[in-house]
Amino acid sequence: MHRSETYDLVACADCGAEISLAADRVYLVTEDAGLCVGCAMKRGGIYDEVHDTWRKAPSLSGLQALQRDW
């Protein structure tokens with residue numbers, strides 16, 4: 001991995017997996033936080049691959065680490 005690619009890596013706000021906000025399919029919660037696609041779908045999110053967008057947002061309830069950012 002190129003050094004510049006590490007700057008956008010963050011931990012999924014739910015499971016803690018390393019995700020890239022710029023390169024991975026994630027649900028952005030804030031500019032600096034997101035959910036991996038697996039956690040977003042477990043929380044009820046519905047992703048539309050054809051249109052590359054979230055049709056239904058996942059539930060963000062219980063994400064203590066993010067509550068200060070909202």
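Sequence order as written defines the numbering, with residues in each chain counted from 1. This being a predicted model, a pLDDT of at least 70 is required before a residue's local features are given, and a value of 80 or more before pairs of side-chain atoms are given or counted; all residues contribute to the totals for chains, interfaces and linings. Each side-chain value is worked out from all heavy atoms of the structure, with water and hydrogens disregarded.

Visitor: Just checking my understanding: could you explain the overall build of the protein chain for this structure?
Guide: Secondary structure elements are defined from DSSP: runs of H or I of at least 4 residues count as helices, runs of E of at least 2 residues count as strands, and each element is numbered from the N terminus. Regarding its fold elements, the protein chain presents 1 helix and 6 strands. Each helix and strand of the protein chain, ordered N terminal to C terminal, gives the series β-β-β-β-α-β-β. Only protein chains enter the area calculation, which uses a 1.4 Å probe; residues under 20% of their type maximum are buried, those over 50% are exposed, and those in between are partly exposed. Residue burial in the protein chain is summarised as follows: out of 70 residues, 33% are buried. Sequence separation of at least 24 residues holds for 23% of the intrachain contacts in the protein chain that already meet a minimum separation of 6. Of the roughly 4,800 Å² of accessible surface on the protein chain, a fraction of 49% belongs to carbon and sulfur atoms. Contacts were defined at the residue level, with two residues in contact if any of their heavy atoms lie within 4.5 Å. Each accessible area is a Shrake-Rupley result for a 1.4 Å probe, and residues are judged covered by the shown protein chains and nothing else.

Visitor: Looking at this structure, I do not really get the packing of aromatic side chains. What am I missing?
Guide: Here a ring pair, both rings aromatic, is described through the centre-centre distance and the interplanar angle of the planes. Stacked, edge-to-face and tilted labels apply to pairs of Phe, Tyr and Trp rings (six-membered ring for Trp) whose centres lie within 6.5 Å, assigned for plane angles under 30 degrees, over 60, and everything in between, in that order. A full pass over the atoms with the stated rule returns 2 aromatic pairs. Ring geometry for tyrosine 27 versus tryptophan 54: centroids 5.8 Å apart, planes at 85 degrees, classification edge-to-face. Highlighted residues: tyrosine 27 in strand E3 (residues 26–30) and tryptophan 54 in strand E6 (residues 53–56), separated in sequence by 27 residues. Taking relative accessible area as the criterion, tryptophan 54 reaches 17% and is therefore assigned buried. Ring geometry for tyrosine 47 against tryptophan 54: centres 5.0 Å apart, planes inclined by 70 degrees, an arrangement best described as edge-to-face. Tyrosine 47 gets classed as buried once you look at its relative accessible area, which sits at 12%. Ring pairing ties together the aromatic residues Tyr27, Tyr47 and Trp54, which thus form one cluster.

Visitor: What should I look at first to understand the environment of alanine 33 in this one?
Guide: When you line up the elements, alanine 33 lands in strand E4 (residues 33–36). Look at alanine 33 and you get buried, because its relative accessible area is 10%. As for alanine 33 and leucine 9, which are separated by 24 residues in sequence, their C-alpha atoms are 9.6 Å apart.

Visitor: What is the right way to look at the nonpolar core in this model?
Guide: Side chains of nonpolar character tend, in soluble globular proteins, to be buried together. The term nonpolar core refers to a set of buried residues drawn from Ala, Val, Leu, Ile, Met, Phe, Trp, Tyr and Cys, joined through side-chain atoms within 4.5 Å. By size, the foremost hydrophobic cluster in this structure holds 14 residues, and its most contacted members are Cys12, Ile19, Tyr27 and Leu35. Secondary-structure elements contributing two or more residues to this core are E3, E4 and helix H1 (37–42). In terms of residues, this core owes the most to one element, E3, which gives 3 residues. Excluding its chain neighbours within four sequence positions, the residues that come into contact with isoleucine 19 are Asp8, Leu9, Val10, Ala11, Cys12, Asp24, Val26, Gly34, Leu35 and Cys36.

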